[in-house]
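# Structural overview for review
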Amino acid sequence: MPQETTYLELSEADGAHKFYEVVVDDAALTVRYGRIGDQGQVKTTAYADNAKARAAAAKKIGEKVRKGYAPAVRGVRQKRAVSRRQIVSTRSTARTAPVLWRYDSGAPALGIFVDGQSCMVGNERGVITTLGHDARVLDQVRLPDGVKCIVADDAWIYAGCDDGNVYDLSGKVPRVAYEIAPEIDIYWLDIHDGVLGVSDAGGGIVAVDHEDEFLWRRQGRGRSAWMVRCDADALYHGHSQGVTSYDWRTGQERWHTRTGSVLFGWQERDAVFAGTGTREVVRLAKDGRAERTYRCDAPVFSCATAEGGRFVFAGDSQSSIYCFDAAGNRLWKLGTGCGSAYSMQYHEDRLYVVTTSGHLACIDASEPAIRAAEAGSVPEVVDVKAPPPDAGAGGLDDGRGDQRRRRRRGRAVRRGPGPAAGARGLPRLPPGLVRAVPEGHPRARRALPGHPGPRVRPGRLLPRPRRHPPPPLTALPPPPASFLRRPPLPPTR
């Protein structure tokens, strides 16, 4: 029996640009969907006979046509270019900073993450390299597209990718943690206690909870939203018109403060910091009051603080980095020697920056080293060699597995690419996590009456419990059917 293939596309001038393909082969139904020009995601379902497979295919096609999809010829429409951060980076005229070591990732880099064990850099080619603080290359993995940012939430580390997905980097290989709608062009993301905030190229803001999945999505006041920061109460959204705060539960605007166009964001416990195109970093209290400004000599493309905000650092488009005290006084300005800092992070008297030239640079920010650099004395830079191409680079595991019914919290949930409203699941956890959950631990879930509860495989880390009351259902707009999907959880035993 010959295959029956139906190929549909939905392409809008400033919105969706995606495809949906349905193939019936005897009693098997295969669905492929994603951004036009990409390989997309694939799901195959077996039916009892050809008639049932065709009926299921007709139902799926009808649903897509009602949403605006139309028959098309594959390959006619081309893949849209992904938004890249375009700036003109010039050479700094200041003295060179005391760079201890630098690693050339091979492409402009925006993603950075630093903790006590290692530091990570993710570039526009999708390569994420992990190095020790002693400049040894420890690991390297590759995502399907460019890396916009890397963030952490307790034991999880996530990377926002230009393919529209958010990947969990906590295991041995990256796994899809959140499948954002294909039309979302991720600019930045942040996560706090399982609540994910995503800002996009069009100035939109999205909130996703790890238990309730989609919470809300709305258009912000401006465009080019390069800042989103999350805490226990709110999402702080920086865009072309300033900074706006939203309640993470409902999406209701709490306050808006006009600043220059926001190009980067940082937060401390009591304040958020916005690096702007008007050559300053603005400190805002979390009630929206503008408390202080830190003046630079060029547009600010990154900023960070030392613990508690005792020092404020900034990187501009002229390959310079600055340090201010908490009162706003400029303490020093030095050049990176390897491009403008797209992102930065401070850790134990060292400032780590990732740059337009693709370098991850470790800068000695201690007072003696800075004083010596201002006098013209800097250490010899150690250039870290990159591993051979694809050597040890981990691939991807999309974690699809077989699509079977799972038992969660006393009810069966079908995991698959259906609408988010019917798949209230958690980001899947890679088996590489080896933290057991002891009996009685606050993260261990209790069984429902009459149900034995989930069996925890040794080494499995259960998600954190909800710390906030769920939002009222009336406050949540109905999510688009194709907005957000997650891959299935691994089967319990």
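Below you will find a few notes about this structure.

Criteria and cut-off values
Residues numbered from 1 in each chain as written. Predicted model: local features only at pLDDT ≥ 70, side-chain atom pairs only at ≥ 80, totals over all residues. Heavy atoms only, no water. Helix = DSSP H or I, 4+ residues; strand = E, 2+ residues; numbered from the N terminus. Contact = heavy atoms within 4.5 Å. Areas by Shrake-Rupley, 256 points an atom, 1.4 Å probe, with all protein chains shown as cover. Pairing = 2+ DSSP bridges. Axes fitted to C-alpha atoms, helices over the stretch in contact; angles between N-to-C directions. Salt bridge = Lys/Arg side-chain N within 4 Å of Asp/Glu carboxyl O. Buried < 20%, exposed > 50% of the residue type's maximum accessible area, 1.4 Å probe, protein only. Expected span 1.5 Å × (residues − 1). Polar contact = N/O pair within 3.5 Å; in protein donor to acceptor, adjacent residues only side chain to side chain. Core = buried A, V, L, I, M, F, W, Y, C linked by side-chain atoms within 4.5 Å.

What follows covers the overall build of the protein. Counting secondary structure elements, the protein contains 2 helices and 38 strands. Residue pairs in contact within the protein that sit at least 24 positions apart in sequence constitute 52% of those at least 6 positions apart. Element-wise, carbon and sulfur atoms account for 50% of the exposed surface of the protein, whose accessible area totals about 21,400 Å².

Here we have 4 strands laid out as an open sheet, ordered β23-β24-β25-β26, and antiparallel in their pairing. The open sheet has two edge strands, β23 (262–267) and β26 (290–295), and neither has a second partner. Averaged over all adjacent pairs, the angle separating strand axes in this sheet is 20°, with direction ignored. Here β23 runs beside strand β24 (residues 271–276); their pairing, made up of 5 bridges, is antiparallel. When the sheet's bridge partners are listed, phenylalanine 264 is paired in β24 with glycine 275.

Applying the stated rule across the entire model yields 19 salt bridges. The salt bridge involving glutamate 21 is made with arginine 74; its shortest N-O contact spans 1.8 Å. In this pair, glutamate 21 sits in strand β2 (residues 17–25) while arginine 74 sits in the loop between β5 (70–71) and β6 (99–104), placing the two residues 53 residues apart along the sequence. Here arginine 295 makes a salt bridge to glutamate 280, at a shortest N to O gap of 3.0 Å.

All right, on to unusual backbone geometry then. Non-glycine residue aspartate 193 carries a positive phi angle of around 50°. Considering the arrangement of structural elements, one finds aspartate 193 in the loop between β15 (186–192) and β16 (195–200). Positive phi, close to 65°, is recorded for aspartate 349, a residue that is not glycine. Structurally, the position occupied by aspartate 349 is in the loop between β31 (341–347) and β32 (350–355).

A word on the side chain of asparagine 123. Within the secondary structure, asparagine 123 sits in strand β8 (residues 118–123). A residue is classified by how much of its surface remains accessible, and asparagine 123, at 0% relative accessible area, is buried. Those residues in contact with asparagine 123 that lie beyond four places of it in its chain are Ser105, Gly106, Ala107, Pro108, Ala109, Gly146 and Val147.

Moving on to helix α1 (residues 50–66). Between its first and last C-alpha atoms α1 spans 24 Å; for 17 residues at 1.5 Å apiece the expected length is 24 Å, and the two agree. Where α1 is concerned, the buried positions are Asn50, Ala53, Ala56, Ala57, Ile61, Gly62 and Lys64. Following α1 by one or two positions, glycine 68 has its phi on the positive side, about 110°.

Strands in a sheet are paired, the pairing made by backbone hydrogen bonds, and the direction either parallel or antiparallel. With respect to topology, 5 strands assemble into an open sheet ordered β31-β32-β33-β6-β34, the strand pairing being mixed. Edge strands, defined here as strands with exactly one partner in the open sheet, are β31 and β34 (382–384). Strand after strand, the sheet turns through a mean of 20° between neighbouring axes, direction not considered. As paired elements, β31 and β32 share 6 bridges and run antiparallel to each other.

Turning next to the environment of tyrosine 47. Its location among the elements puts tyrosine 47 in the loop between β4 (41–46) and α1. Sequence separation between tyrosine 47 and leucine 29 is 18 residues, and the spatial gap between their C-alpha atoms is 7.6 Å. Dropping the residues within four chain positions of it, tyrosine 47 is found in contact with Ala27, Leu29, Lys52, Ala53 and Ala56.

One can find lysine 148 in strand β11 (residues 147–153). A polar contact is formed between the side chain of lysine 148 and the side chain of aspartate 162, at a distance of 2.5 Å.

Formed by 66 residues in total, the largest nonpolar core has its most connected members in Tyr178 and Leu351. Considering every element that reaches this core, the biggest residue donor is β15, with 5 residues.

Attention shifts here to the pairing of β8. Most of β8 sits out of view: 6 of its 6 residues are buried. Burial of the side chains of β8 extends over both faces: Ser118, Met120 and Gly122 are buried on one face and Cys119, Val121 and Asn123 on the other. Relative to β8, strand β7 (residues 109–114) is paired through 5 bridges, and the arrangement is antiparallel. Each residue of the ladder has a partner; that of isoleucine 112, found in β8, is valine 121. As paired elements, β8 and strand β9 (residues 127–132) share 5 bridges and run antiparallel to each other. Opposite methionine 120, over in β9, you have threonine 130 as the bridge partner.

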